[in-house]
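Structural overview for review
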Amino acid sequence: MTSSSQVIVVGTGVVGSVIAEHCLDAGLEVLMIEAGPRVSRAQIVENYRNLPLGAKPDATASYPPADWAPHPFHGLEHLESTGPNKYDPTYIRYAGGSTWHWAGTSWRLTPEDMQLRSRYGVGRDWAFDYETLDPYYNMTERKLGICGPADPLDQWPRRDRSMPYPMPHLPLSQGERKFTEVMQTKLGLRNVPVAQARNSGMPYDDRPACCANNNCVPVCPVGAKYDAATSLNRLEAKGATILDNSVVYRVETGEGNRIVAVHYYDRDKTSHRVTGEHFVIACNGVETPRLMLMSADDRNPNGIANSSDQVGRNMMDHPQQGYTFTTTEPYWLGAGPVVNSGIMETSQGDFRRDHAAVYFRLNNFARNRDIAKRAMASGKVGRALDEEIRRLTATSLNVVAAFEMLPDPNNRLTLSAQKDWLGLPRPSVYWDVGDYVRRSSVEYSNPLAQRIAEAVGATDFKPASPEKFSTSKHIMGGTIMGNDAATSVVDRHSRTHDHANLYLPGGGAMASTACGNSTITMTAMAFMAAEALVSEAKGA
Amino acid sequence: MTMKTTLAFFALSASMAAAQTFPDDLVERGRYVATASDCVACHTGPEDKPFGGNHRIASPVGDIWATNITPSTTHGIGNYTEQQFSDAVRRGIRADGANLYPAMPYTAFARITDEDMHALYAYFMQGVEPIDEPSQQTALAFPFGLRFSMMGWNLLFADSATHQDDPAKSAEWNRGAYLAEGPGHCSTCHTPRGMLMQEDGGQYLAGAQVGPWFAPNITSDKAGGIGSWRKDEIVAYLATGRAEGKSQAGGSMAEAVSHSFSKLTADDLGAIATYIMDVPAIAGPARFDLGTAGNRTAEFRGIADPDLTDLGAGAQIYSANCAACHGYDGQGTKDQYYPSLFNNSDTAGKGANNFVAAVLNGVNRKTDQGHVFMPPFGTQTNAFNSLDDGEVAALTNYAMNQFGDGVTTVSAEDVATIRAGGPTSNMVKVVQTLIAVGAALVAVVLIATVIVLRRRKRAA
């Protein structure tokens, strides 16, 4: 049993894996510790195919949690939600992490997204600017294999790129092309191809090309979409040790408040202690702050890395509202990846002083799954039912408004009195999407969505309720980054202000959410952290 | 001019004089001959330095390492004269006089004309970047480690005649014969070998196992060979590695398509096809038009612990690992980028070995038409599902039953053999035993002679 390693990475998701590989390439010794099991892709694929139709839209249904590593899952209480809105993110505790079931969407932040405070007087500014992050975005796009448009007008952000995407964007389906054209001609809005971590028309990273299963969520059956599980064999070949089914429950501090060890339970509830020199906790924006709070000790009575009292606060997400409407002409969405185009330009503007920005995502999930129930509810049977399913599959569109959200210290993760299977306190989150988002829904998003619906000839548009938001899977803010140790948890390298050898990279460090999915920003920050860690290890 | 620069000038002139300067068009012609001969496939190692050697060739008698054939004067063939170069390529004799092993297809390259040989030399001296790095050396077991043992082999099996046109055949046929028998060295893989690893002339192009892959029968037999293929299908196969609804190239044929055939002129591919279509038929089991679309999903879908038959178990492995690309019914995609598994030579005839090899090793083929890539299901770092021998056998048996000839089966042991790189020859053991028995016999005769002589002496 490994009891010591130069670098210890807790979590085997995209952030942990990228950091681990960077350290291995630099010649460092790396131990990765994963709470959940390591499963084969074939198993997940069959889990998914065996689900009843009604459960298939649930991204986690194919990933039943291990007793010792619970995650949000239908019928299992793991994450408590309190407050006016329901906080209901999906993440999985499996080797490879939640990129198993991400769509692969890879929007960058814009320079403005990183300076909300100085430009619009709301939220927080980042600890650095876009130009600082840009080279790490480039590294991320190469590492994950991100395909994206070559036409500058289709690129996001709309500014000169310092490096091209490593692969051309995936073609838009017939319906997506039609939607794009209607948006442009009727509304002057540009629906652009989504940059995504998916091999388009060619193998990349020794993984095959996308063959358009339209199955990206919950699992890419062929590994054409990047997920961190695809990199684990390679990390081991480079010398990493990966412990699975090992739940880290305590981070131990020592002299000078440096981290000296982590403690984990194996699946038999036996505790083990592993010492190291450099520690990376990359368990996502819920489990990382939970672990910090669980590890409170005499030196750190409010929890590890928490002298600022910001650990667990400023929890953020992209609150969503979906619109489904019926078009006059057939669109036949569902060819290609599940998210393949969207309108990003609605996410920028001076209005951000008053309300949140919005990104409109044209969902490209094949429609038959969702509309089958609706068609059956119509009371039709036999051939008439078949025809109704066919009609609605062709003519129903689902557009999702994804809002940015401001960091609010009241949106806070704490430890519940409830315990999980191992006896560890469950995470509890107070959740209020905030007036900034609600105002946007009423004043900005609903009117825009209505224009979009009308442009495609829909007569059944229904505005979304300002009370009802669903949760994305984009967990941000709980270990927020900043230059000031009094108001933030980690510095620009995702290193904790309180502990010189502890890094908390990932979504938790993000100081603003913007509207685009958070994964590649998390990964870019992971590269920054890895560079800092390696230079510290080499200097030591 | 100072003394120093004058000396430098003369030194430079001397080195320039030493290197022959060949005209560009000759070098280009040599490049084409090298492409047609696919030198790069075997002489380039995993470091991807063209012609730098370090490429392991698993032979039935042990690993043979293809060497550095760049014009490096320290580690390559930079010091070879044209005669030495020609002897190595066409006779299998190195500059130092030692014999090459016939993993280097010099028995085929012997057909290369003097003109093409001259061009090839020009290309290797002048068109290839020298790499001053050593290549791994071959060390075979006794007695094959003794390179001179190849001299006897050459006497028995090597034919040193260059290509001669057959006046009874068309110019196109003759061009095809030259390319296929000579530079293209088709028979090196496709002709089965005898006891001593010599090509069996009576079975010319009738199909042979090469490492993990089976190089199939490409004679004109309609069922077992490719006699049912149209000329344009053969040309398309050579150019892209795929003949729709029939077959696709994997393993070293994928390399040959990627590096060699796809880069030849349309006329030359047509010539090869014309010649190949005329190769005398040798019968073999049918391998096209077999199998049907279908699945056994009902045996396990939605059932918590299905009680699976062997075929059902294979079908479930198929569903989990293969169906996403090749279709739930094995039908492939409309454009056949992902080929159908029925009507496919890899699930019929002697195709089971290739099916197993494709599953374990994947497929990697790059032409101007795109990059065809099937991930491996072995233990490679990019194998997302590592199937064990039993699982691969179950999958293969399902595929052969549903999509193939309906009769062929493989065992987990068969899969293990392919996983290990293909069947090994027992030739090493046989020859070593023969030598040992021979030595023992000699000893017995000697002892007997001594005894007889002594007795005679005593008697005398």
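If you're wondering where the values come from, they're calculated on a predicted model, not measured in any experiment.

1. Points about the domain arrangement of chain A
Residue and element names in this part refer to chain A. When cut into domains, chain A gives domain 1 (1-76 + 89-102 + 107-145 + 227-317 + 476-540) and domain 2 (151-219 + 320-404 + 434-468). Taken over C-alpha atoms, the centre of domain 1 sits 29 Å from the centre of domain 2. Every contact between the two is made by 30 residues of domain 1 and, on the other side, 31 residues of domain 2. Residue assignment for the side of domain 1 that touches domain 2 shows that the elements contributing at least two residues are α2 (41-49), α3 (116-120) and α4 (130-144). Here the element with the most residues in the side of domain 1 that touches domain 2 is α4; it accounts for five residues.

2. Thoughts on the nonpolar core
Membership of the largest hydrophobic core comes to 241 residues, with the highest contact counts inside it found for Val-9, Val-10, Ile-19 and Val-358 of chain A together with Val-356 of chain B. Counting residues per element, this core draws most heavily on helix α11 (residues 519-539) of chain A, at ten residues. Residues contacting Val-358 of chain A, with those up to four places away along its chain left out, are Thr-346, Ser-347, Ala-401, Ala-402, Phe-403, Ser-440, Tyr-444, Ser-445, Leu-448 and Cys-515 of chain A. Counting nine residues, the second largest nonpolar core, distinct from the first, contains Tyr-101, Met-104, Ala-108 and Phe-109 of chain B.

3. Let's talk about the interface of chain B and chain A
Every contact between the two is made by 16 residues of chain B and, on the other side, 22 residues of chain A. Listing elements by their share of the side of chain B that touches chain A, those giving two or more residues are α13 (310-321), α14 (323-326) and β8 (370-374) of chain B. The class makeup of the residues in the side of chain B that touches chain A is eight nonpolar, seven polar and one charged.

4. Comments concerning unusual backbone geometry
If a residue is not glycine, its phi is most likely negative; likewise, a peptide bond is most likely trans. Trp-156 of chain A connects to Pro-157 of chain A through a cis peptide bond whose omega is -5 degrees. Within the secondary structure layout, Pro-157 of chain A lies in the loop between β4 (147-148) and β5 (167-168). For the bond from Val-217 of chain A to Pro-218 of chain A, the omega torsion is 15 degrees, close enough to zero to count as cis. Along the chain, Pro-218 of chain A turns up in the loop between β6 (191-193) and α6 (232-237). Even without being a glycine, Asn-343 of chain B presents a positive backbone phi close to 50 degrees. For Asn-343 of chain B, the position within the fold is in the loop between α14 and α15 (352-361).

5. With respect to the environment of Asp-268 of chain B
Residues and elements named next belong to chain B. Following the sequence through the fold, Asp-268 ends up in helix α12 (residues 266-276). For Asp-268, a count of 22 C-beta atoms within 10 Å corresponds to the buried category. Between the C-alpha atom of Asp-268 and that of Thr-70, which follows or precedes it by 198 residues, the distance is 27 Å. Ignoring any residue separated from it by four or fewer positions in sequence, one finds Asp-268 in contact with Arg-175 and Leu-179.

6. Regarding the packing of helix α8 (residues 171-181) of chain B against α12 of chain B
To characterise two packed helices, one gives the angle between the axes of the helices and the distance between these axes. Residue and element names in this part refer to chain B. Put simply, α8 and α12 touch, their axes get as near as 7 Å, and they point 90 degrees apart. Put simply, α8 runs roughly perpendicular to α12. Counted together, Glu-172, Trp-173, Arg-175, Gly-176, Ala-177, Leu-179 and Ala-180 of α8 and Asp-268, Gly-270, Ala-271, Ile-272, Thr-274, Tyr-275 and Ile-276 of α12 form the full contact between these two elements. Along the lines of polarity and charge, the residues of the contact of α8 with α12 split into eight nonpolar, three polar and three charged.

7. Here we look at the sheet that holds strand β14 (residues 396-403) of chain A
Strands belonging to one sheet form pairs held by backbone hydrogen bonds; the direction of such a pair is parallel or antiparallel. Residue and element names in this part refer to chain A. If you walk across this open sheet you meet the five strands as β6-β12-β13-β14-β11, and the pairing is antiparallel. The sheet terminates laterally at β6 and β11 (320-326), the two strands that pair on one side only. Pairs of neighbouring strands in the sheet enclose a mean axial angle of 30 degrees, with direction left out of account.

8. Considerations on the environment of Ala-358 of chain B
As for its position among the elements, Ala-358 of chain B is in helix α15. In this structure Ala-358 of chain B touches Gly-250, Asp-346, Val-363 and Met-374 of chain B, once residues within four positions along its chain are discounted.

9. Considering helix α10 (residues 435-455) of chain A
All names here are of chain A. Its 21 residues place the ends of α10 29 Å apart at the C-alpha level, agreeing with the 30 Å of an ideal helix rising 1.5 Å per residue. Along its length, α10 shows its largest kink, about 45 degrees, at Ser-441. Packing partners of the buried residues in α10 comprise α5 (174-187), β11, β13 (358-363) and β14.

Reading the values: the criteria
- Residues numbered from 1 in each chain as written.
- Chains lettered and ligands numbered in written order.
- Predicted model: local features only at pLDDT ≥ 70, side-chain atom pairs only at ≥ 80, totals over all residues.
- Domains from an automatic or database assignment.
- Contact = placed C-beta atoms within 7 Å.
- Helix = DSSP H or I, 4+ residues; strand = E, 2+ residues; numbered from the N terminus.
- Core = buried A, V, L, I, M, F, W, Y, C linked by C-beta atoms within 7 Å.
- Buried ≥ 20, exposed ≤ 12 C-beta atoms within 10 Å, placed from the backbone.
- Nonpolar A, V, L, I, M, F, W, Y, C, P; charged D, E, K, R; others polar.
- Axes fitted to C-alpha atoms, helices over the stretch in contact; angles between N-to-C directions.
- Parallel < 35°, antiparallel > 145°, perpendicular 65-115°, else oblique.
- Pairing = 2+ DSSP bridges.
- Expected span 1.5 Å × (residues − 1).
- Bend = angle between axes of the 7 residues up to and from the residue.

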